[in-house]
Amino acid sequence: KTKSCVSFGCVWSSGHACVYCISVNEETSKRFEVSEWALVGDAPEKIAKAREEGFYGSDNIVAMDLFSLPHYVFEAQSVLSSDEKMPQTRASSTPLPDPLPSFLPDRLSMHGTWCAGHDHSQDQILVAICRRSGMLEIYDLLDLKRSPNDVSPIWQSRGCSHGASVLAHSDQDIAVRLPESHQVEAAEIRVFVTGPSLSLDGENDKEKDAWMLRSLCILVNTSLGDLHLYSGCKRSSNLNLEFTRIPLGNVSRPSEEAGRHLTKLRRKGIVSESDVMAFRPNRLHRFCAISGEDGLFAATQRPLWFVSERGTPTVVSHKSRHVAPAGGRPVPVSGFSAAMPAVFQNASCGFITLHERIGRIGSQRLTLYSGLYDVFSPHGVLPGGGICVQKVPLGVTVRHIEFIDDASVSTSSRPIYVMLISREIEADQSYLNDDGLSPEERQRIKDEKEAARIKKQVEADLGGFDIEQEWVEEIEREDCFEVDRNLGFAPSIPQRKYEVWLVDASSQFSVLDKYELNEFEHGTALKSLFLTNVIEDSDETPEKSLFVSVGTSFIDQDGEDLASKGRVLLFQVKKSKGRTQGVHRRHAPLHLNLRSEKEITVGPVTSLSSLKSEDTYRVVVGAGAEVTVEQWGSGKLTQVGFYHAHMQVQEIVLFKTFFLLSDAYDSLHFLVWRESDKSLTLLAKDYEPTQVFAAGLISRGGAMAFVCHDDRQNLKFFQYAPADAEARGGNKLVCRADVHIGSQTTALQSHWCQSSLLFNSCTMPSTLAALKQQDVLFGRLEDDQRFAVTFGTTDGSVGSIISLSEPVFWRLTALQSVMSNALESNCALSHRAWRLFRRSTSRGGGRSNDRK
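Analysis parameters
Residues numbered from 1 in each chain as written. Predicted model: local features only at pLDDT ≥ 70, side-chain atom pairs only at ≥ 80, totals over all residues. Heavy atoms only, no water. Helix = DSSP H or I, 4+ residues; strand = E, 2+ residues; numbered from the N terminus. Buried < 20%, exposed > 50% of the residue type's maximum accessible area, 1.4 Å probe, protein only. Contact = heavy atoms within 4.5 Å. Areas by Shrake-Rupley, 256 points an atom, 1.4 Å probe, with all protein chains shown as cover. Patch = residues over 30% accessible without salt bridge, like charges linked within 9 Å, V, L, I, M, F, W, Y side chains within 5 Å. Salt bridge = Lys/Arg side-chain N within 4 Å of Asp/Glu carboxyl O. Pairing = 2+ DSSP bridges. Axes fitted to C-alpha atoms, helices over the stretch in contact; angles between N-to-C directions. Disulfide = S-S within 2.5 Å. Polar contact = N/O pair within 3.5 Å; in protein donor to acceptor, adjacent residues only side chain to side chain. Expected span 1.5 Å × (residues − 1). Arc of directions from axis to C-beta.

Trainee: For this particular structure, what's the right way to read the overall build of the protein chain?
Mentor: Scanning the protein chain from terminus to terminus reveals 10 helices and 44 strands. Sorting the 852 residues of the protein chain into buried and exposed places 42% on the buried side. When contacts within the protein chain are restricted to residue pairs at least 6 apart in sequence, those whose partners lie at least 24 apart make up 57%. As displayed, the protein chain offers around 47,400 Å² of accessible surface, 51% of which is attributable to carbon and sulfur atoms.

Trainee: Whenever I open this one, a nonpolar patch on the surface confuses me. Can you help?
Mentor: Where nonpolar side chains cluster on the molecular surface, the patch consists of Ile802, Leu804, Val808, Phe809, Trp810, Leu812, Leu815, Met819 and Leu823 and spans about 840 Å² of accessible area. With respect to the helices and strands, leucine 804 occurs in the loop between strand E44 (798–801) and helix H9 (806–822).

Trainee: How should the pairing of strand E21 (residues 387–390) be read in this particular structure?
Mentor: Pairing between strand E20 (residues 380–384) and E21: three bridges, direction antiparallel. In the sheet register, glycine 384 faces E21, and the bridge partner there is isoleucine 387. What sits between E20 and E21 in their antiparallel hairpin is a turn of two residues, with glycine 385 showing a positive phi close to 75°.

Trainee: Would you mind showing me how to read the pattern of salt bridges here?
Mentor: Between side chains of opposite charge, pairing is possible as soon as their charged atoms come close. With the rule as written, the count across this model stands at 27 salt bridges. In this structure, aspartate 504 and arginine 414 form a salt bridge, with 3.2 Å as the shortest nitrogen-oxygen distance. Here the residue aspartate 504 occupies a position in strand E24 (residues 493–504), and arginine 414 occupies one in the loop between strand E22 (397–403) and strand E23 (416–427), the gap between them amounting to 90 residues. Pair check on accessibility: aspartate 504 and arginine 414 agree, each one buried. The salt bridge involving lysine 598 is made with glutamate 630; its shortest N-O contact spans 2.7 Å. One end of the pair, lysine 598, is in strand E29 (residues 590–600); the other, glutamate 630, is in strand E32 (residues 626–633), with 32 residues separating them in the sequence. By relative accessible area, which is 2% here, glutamate 630 ends up buried. Look at the salt bridges and you will find they share partners, linking Asp65, Glu188, Arg190, Arg280 and Arg286 into a network.

Trainee: Before we go on, may I ask you to explain the sheet that holds strand E28 (residues 565–575) in this structure?
Mentor: Within a sheet, adjacent strands bond to each other through the backbone by hydrogen bonds, running parallel or antiparallel. With antiparallel pairing, four strands are arranged side by side in an open sheet as E26-E27-E28-E29. The open sheet has two free edges, formed respectively by strand E26 (521–532) and E29, since each of these has just one partner strand. In this sheet, adjacent strand axes meet at a mean angle of 25° when their direction is disregarded. With 11 bridges connecting them, E26 and strand E27 (residues 544–554) associate as antiparallel partners. Bridge pairing in E27 places serine 528 opposite valine 548.

Trainee: I'm lost on the state of the cysteines in this one. Help?
Mentor: Formally, a disulfide is one covalent bond, and it connects the sulfur atom of one cysteine to the sulfur atom of another. Applying the stated criterion across every chain yields a total of one disulfide. A sulfur-sulfur distance of 2.5 Å marks the disulfide that ties cysteine 5 to cysteine 21. Here the disulfide of cysteine 5 and cysteine 21 is left-handed, its torsion about the S-S bond being about -135°. One end of the pair, cysteine 5, is in strand E1 (residues 3–11); the other, cysteine 21, is in strand E2 (residues 17–25), with 16 residues separating them in the sequence. Take cysteine 21: its relative accessible area is 6%, and that puts it in the buried class.

Trainee: Help me out: how do you make sense of the side chain of serine 410 in this one?
Mentor: Tracing the backbone through its elements, the reader meets serine 410 in the loop between E22 and E23. Within the structure, the side chain of serine 410 is placed 3.5 Å from the backbone oxygen of isoleucine 404, a separation counted as a polar contact. At 3.0 Å, the side chain of serine 410 forms a polar contact with the backbone nitrogen of isoleucine 416.

Trainee: Please explain helix H5 (residues 256–268) as it appears in this structure.
Mentor: Think of an α-helix as turning once every 3.6 residues; residues three or four places apart then point the same way. For H5, with 13 residues, the first-to-last C-alpha span of 19 Å sits near the 18 Å given by 1.5 Å per residue. Within the sequence span of H5, burial applies to Glu257, Ala258, His261 and Leu265. Projected down its long axis, H5 shows its buried positions confined to an angular sector of 100°, all on one face. Set apart from the buried face of H5 by more than 90 degrees, the exposed residues are Glu256 and Arg267. Structurally, H5 contributes buried residues whose contacts are with helix H8 (764–774). Just downstream of H5, glycine 269 is the residue with a positive phi angle, here 85°.

Following this line, the structure appears as structure tokens:
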């Protein structure tokens, strides 16, 4: 008889579980047959004992999963010979742990994946249950059918849902550490495989490589909302399957802010108590063949994708469009399906999600996706922590990149960026091989130059002045070498060429237009900003336009004997009248239009910023030791204000009409722009001579601080506090804190800290507007008005600095103190000493590694 069978399991609130099997006989009457097998939790005779032992003494079943795997995956195997087995048995009955997994003859990879070829006849339905006591048990469904009342698990381990670092098979009742301050149990478990999908059309070399990148994993969702990810491996000592916990690097449980928001909604009557259901639907969904990958989608409080990154399980955050703020419903994504309707043939490898949308509480939005090709592209990188990075090879060095924030040019479906790039070229020096002169002509020119030099020297001696000072501009530089053609010709030399690119991010960053800078001209700054076209003696309302400003510097071909100069170029992105063919045929072609250029003689342009004052937009130029405010009008830039710094303008950070000027050798300066007299006024500065590499701003509520990164890999935090005694009457920036980070960075980027209620949204403005409709007081707390600083270091790490409330700060300080005393450090090094401020010995006047 041919039967089609579907098996599923249910966990009841009484602590028991059942496995149901629905089969149909296709040869006879095609009637449905339903079979049931029960798994008992606490037996009646053990209930009293469980009450005495407490919460974790209960054996009630709290989570269950059915999956298909070969039976031998969970069986203990041995690779030792008979002569080697006897000494090991005599020495110890318990094998020593081996931290290094090994490859096995049955092609079980280092992450515990099985490989049964394309013959799935060995696959069997296995049942995994998790009890409140933390016991994880795996049964064979065939054994459960034969003897449902007397069945033994084929694999079991303690510590599930309790945060155990390793889940190892053990037949004995081993005591494990249980949580003491809270009670937690597994709410849902899922056994799944991450890695490349496998086809069914035969085995090839590519399939063999794919097996090595597949991982057998267990995901546990606890009652508190935490997610525990375990990856399987077999030890070389005993070949028993063990699951090792993998740190996720992000938070999965709901935030306290979401709980407070839910309380407000219930108080207002927007959400009622009856909306909470006793039935808990599945939130962990396995998927196969989505963009060629297998894995799991967790529809929890913060939706996550569990996929494979080069054989290692990792997570990617899922964000939805126009999703409702967190707190109104238990989870933002209430439905998921990895199967697409047949009508969508071009998206057969896609998926469908059902999430809570903005508007009335309970309204939902159905979204169809074509896949995860952006994540699993050939250049996709998953560094962990829920972040997805896509590497775009351009073949050049990108110096700066800016987004064109103009709705008429750049849209969400077609984002346009402008880049300042440099590329290496080979400069031809063939002109040095032959100058076209005969040897007699060369000697005559040489004699004439020698006679002119002697004449100048004689005039200098008779006039009583030094030729090296008065005649330095007229000295002609002679060639320092001659080309010996018997040995070879003059080789080509590498040179760096700078260009401005206009790229389309929707078509793999294809170049729409480019502008090449002059020879020996280096691009140093790039900024996309608005400028107001100010017309003097005109009653018309000035209009603002979006410009792309580029700052450059010239290095003369003779070297650095002369002072460097620069230029400021202003471009506008324009649409061409004609239409192109190919990938851009749906959009009008774009090009860069050079509107103006201005020579800067005081030095190279190192900084460009946008200043808005009384609805007038201007550009702030930092060049050399000068800061100039330029105004756009009549097709050119006109200087309307300036400030003279001490050494070299490194960077200018603007907020409102205040300037944070970082001098490359003289620390920070705090300035203000006054529109009444169009002047830049110094409010305060740091008098400690510091080489500044980067500067940024952080704030919380009404308090703001300045962050400075110096050449000694320190971070210093300053504050403008005129009433403070250390401010010297308000002329000095007060240092509030300092720390040594041990890494070098060149940029500190300030950004707004989004609320945890908006974490799941990829359309922030719409979700924020819906949140303010639900809570009109949102945004008035200090924690809702925070700016943080994010930075990247030269060693490849990424960090963030955020201001905290005082209770949270002291709690983390106490935790840091406990960890520094309780945890062992490598080589007995002190973490506190490493974070102490490193003072410069050359300009600060202190000893090395001495704290101020």
